[in-house]
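Tertiary structure, described
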Amino acid sequence: MTTTEMTQASLPNARIGLAWRIDGETVRRNARLILLPTLTAAAVIGLWEALVWIYQIPNALLPAPSAVALRVVDTLPFLAAHAVPTTLETIAGFLISLVLGIGLAVLICASRLAREALYPNVVFFQLIPKIALAPLFIVWLGIGSESRVTFSVFISFFPVVVATLTGLTAVDRDLLRLCRAVGATGSKIYLKVRFPTAVPYIFSGLKIAITFAMIGVIVGEFITAQSGLGYLILFAASQAEMSLIFASIALLCVIGLALYGLVVLAEIITLKRYGS
Amino acid sequence: MLEDAFKAITATSVRKVYDTVSGQVEAVAEASFEIARGEFVAILGPSGCGKSTLMLMIAGLELPTAGAITVEGATVSQPQTDAGMMFQDPTLLPWRNVLENVLFPVDMRGAVGSDARARAERLLQMVDLWTFRDKRPRELSGGMRQRVALARALINDPRILLMDEPFSALDAITRDEMGLALARIWDTEPKTAIFITHSIREAIFLSDRILVMGRRPSTIVEDLRVPFKRPRDPSVEAEPEFNDLYLYLKNSIHRTTPSVQ
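The model shown is predicted, which means the values in this text are computed figures rather than measured ones.

1. Regarding the interface of chain A and chain B
When the parts of a complex come together, some accessible area is lost, and that lost area is often used as the size of the interface. Facing the 23 residues of chain A at the interface are 23 residues of chain B. It is Leu178, Val182 and Ser276 of chain A that lose the most area in chain A upon contact with chain B, and together they represent 26% of the buried surface on that side. The interface formed by chain A and chain B holds one salt bridge in total. Across the pair aspartate 107 of chain B and lysine 192 of chain A runs a salt bridge whose closest N-O atoms are separated by 2.8 Å. At the boundary of chain A with chain B, the tally comes to five residue pairs in polar contact (both at pLDDT 80 or more). Those elements giving two or more residues to the side of chain A that touches chain B turn out to be helix H9 (173–181), helix H10 (186–223) and helix H12 (242–274) of chain A. Per-element tally for the side of chain A that touches chain B: the top contributor is H9 of chain A, with seven residues. When its residues are assigned to classes, the side of chain A that touches chain B shows 10 nonpolar, four polar and nine charged.

2. A look at the pattern of salt bridges
All names here are of chain B. Evaluated as defined, the whole model comprises 25 salt bridges over all chains. Residue glutamate 237 is joined to arginine 201 by a salt bridge in which the shortest nitrogen-to-oxygen separation is 3.2 Å. With glutamate 237 in the loop between strand S10 (220–225) and helix H8 (240–256) and arginine 201 in helix H7 (residues 200–206), this pair connects stretches of sequence that are 36 residues apart. Residues joined in a network through salt bridges with shared partners are Arg119, Arg122, Asp157, Glu189 and Lys191.

3. Topic: the sheet that holds S10 of chain B
All names here are of chain B. The sheet built from six strands is open, its strands ordered S6-S7-S8-S3-S9-S10 with mixed pairing. Of all strands in the sheet, those with a lone pairing partner are strand S6 (83–86) and S10, marking the two edges. Each strand axis lies, on average, 15° off the axis of its neighbour in the sheet, ignoring direction. The pairing of S6 with strand S7 (residues 160–164) spans four bridges and is parallel. Considered in S7, the bridge of glycine 84 is made with leucine 161. Packed onto the sheet, helix H6 (residues 172–188) meets strand S3 (40–44), S7 and strand S8 (192–197) and runs at close to 165° relative to S8.

4. Here's the deal with the packing of helix H5 (residues 142–154) of chain B against H6 of chain B
Residues and elements named next belong to chain B. Contact pair H5 / H6: the axes reach a minimum separation of 10 Å and the direction vectors enclose 20°. Judged on the interaxial angle alone, H6 and H5 are roughly parallel. When you trace H5 past H6, the crossing you get is right-handed. In this structure, H5 contributes Gly143, Gln146, Arg147, Leu150 and Leu154 to the contact, and H6 contributes Thr174, Met178, Leu182 and Ile185. When its residues are assigned to classes, the contact of H5 with H6 shows five nonpolar, three polar and one charged.

5. With respect to the packing of H10 of chain A against helix H11 (residues 229–238) of chain A
Residue and element names in this part refer to chain A. At a closest axis distance of 7 Å, the pairing of H10 and H11 adopts a crossing angle of 45°. What the angle tells us is that H10 and H11 run oblique. Considering only the axes of H10 and H11, their crossing is right-handed. Contact residues: Ile218, Glu221 and Phe222 in H10; Leu229, Gly230, Tyr231, Ile233 and Leu234 in H11. Considering only residue class, the contact of H10 with H11 consists of six nonpolar, one polar and one charged.

Each value, and the rule that gives it
Here, residues in each chain are numbered from 1, in the same order as that chain's written sequence. Each chain is given a letter, starting from A, and each ligand a number, starting from 1, according to the order in which they appear as written. In view of the model being predicted, local features appear only for residues whose pLDDT reaches at least 70, and side-chain atom pairs are presented and counted only at 80 or more, with totals across whole chains, interfaces and linings using the full set of residues. With hydrogens and water stripped out, all remaining heavy atoms of the structure feed into the side-chain values. Contact criterion: two residues are considered in contact whenever any of their non-hydrogen atoms come within 4.5 Å of each other. Buried area: the sum, over both parts, of the accessible surface (1.4 Å probe) that disappears when the two are put together. We define a salt bridge as a side-chain nitrogen of Lys or Arg found within 4 Å of a carboxyl oxygen belonging to Asp or Glu. Pairs of N or O atoms within 3.5 Å make up the polar contacts considered here, provided that, within protein, one atom can donate a hydrogen while the other can accept it, and that residues adjacent in sequence are counted only when both atoms are side-chain atoms. Secondary structure elements follow DSSP: runs of H or I of four or more residues count as helices, runs of E of two or more count as strands, with numbering from the N terminus. Classes in brief: Ala, Val, Leu, Ile, Met, Phe, Trp, Tyr, Cys and Pro nonpolar; Asp, Glu, Lys and Arg charged; the others, Gly included, polar. At least two bridges found by DSSP between two strands are what make those strands a pair. For helices, the fitted axis covers only the stretch in contact; all axes are lines through C-alpha atoms, and the angles between them, taken along N-to-C directions, range from 0 to 180 degrees. When an angle is under 35 degrees it counts as roughly parallel; over 145 it counts as roughly antiparallel; between 65 and 115 it counts as roughly perpendicular; any other value is oblique. Whether a crossing is left-handed or right-handed is set by the direction in which the near helix is turned from the far one by less than a right angle, anticlockwise for left-handed and clockwise for right-handed.

Below, the structure written as structure tokens:
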């Protein structure tokens, strides 16, 4: 796109024009927002590096960040091979939570019987320290992906239910009256009023769910797995391979961040349509 | 008594009691009235006197505990699909633009055809918002949003128009402008209209007839005819009759409202 085309395209909509305009103030504010936390993190890592060197902390106790970075580079194909099942199981757990959570929220919202019978139990279920139940899933579902994905769903679907339900019921009472007064069917009200209203709420639930889904998979891998980054962390610990533990954790952080970023991206795209 | 053929809305000994956690609440004790076709009726009263409940019952969104309401001869037993509604809040959908919001009732009922689009254009021109048709509600002022809600209420060409304090969230100046706009639109599209308000001036300026509701018990305590001719302009407020009516209504509301202890 040439500059002229771009100017023309942004002419009819002043709001887009505003977004394109970059002034000194915006640059300074954005620089602050990005630079400040980055520099803080860099300072902490630098301090860590320095302390390891100054006090000559043995590698088996606490490896320096540089040693971890070196380890990541050296063993990248190996780490990546273990990252694949962890990532796939996290995504599977998240997607099932999404469908199950939204479905359950719709059921609870639409049916008074379901609301009264289910919702208190769903909330009560939430009070169980769920990690304590992880071994049960292994007993019931075996040591394959199924048990880890199921456990991941088990701990990540609740935020989706609560957030979706809050969104579905956040519709103005008078607006619902208006819908009834024009003879709208229940499904149309859901499709055109309740769901669009719930979109920002649903995404707040999904952002929690994606992190919980990963926690679920890693706990599952801790208990029983032959591969995956959780398994690798436990294995490395048994061998006192501290730099491998940290390398695995670093990779988990990157994957977690990337998955979270995807949810945020989906949110931005959806809110362009359904935001206010 | 009106001849049956001229009656748009009748209420016969209507009573409404809500069951709440803390017991029964009587929202409307007794209300009986007849509204002629094409009449603009204001229901005036203090807050909490059951005005809104009365409107919801006419719309068929609440059913009376006792008594009956008829609209165009038929007893109301389910939501009226032939009533345009306006509320205190515009209740627009924030993700739809002005035009899509006006077309919302058509969309909720079925497919949006070219007839509906033509009518939406006419209504938006009538409320001076056609040039804003692509804007989203957050880009509009409070008065503009309420004008969108008015156009939306009229989109299905309803036989009755029900308005529950539609201007009470607006500032005084915008409120006067909206009153004028509504009067002008009503002159071009006369409909049986019920306008709930607690502003006496608004009630006199807009309506053909004013029902005053009292509180505890909530019953209709006055039924007055407004003597001014249509079309009206703001100069009616300067007429001595306007002021007489204003003071009379003010006293009447004051008398029927138990003072706050």
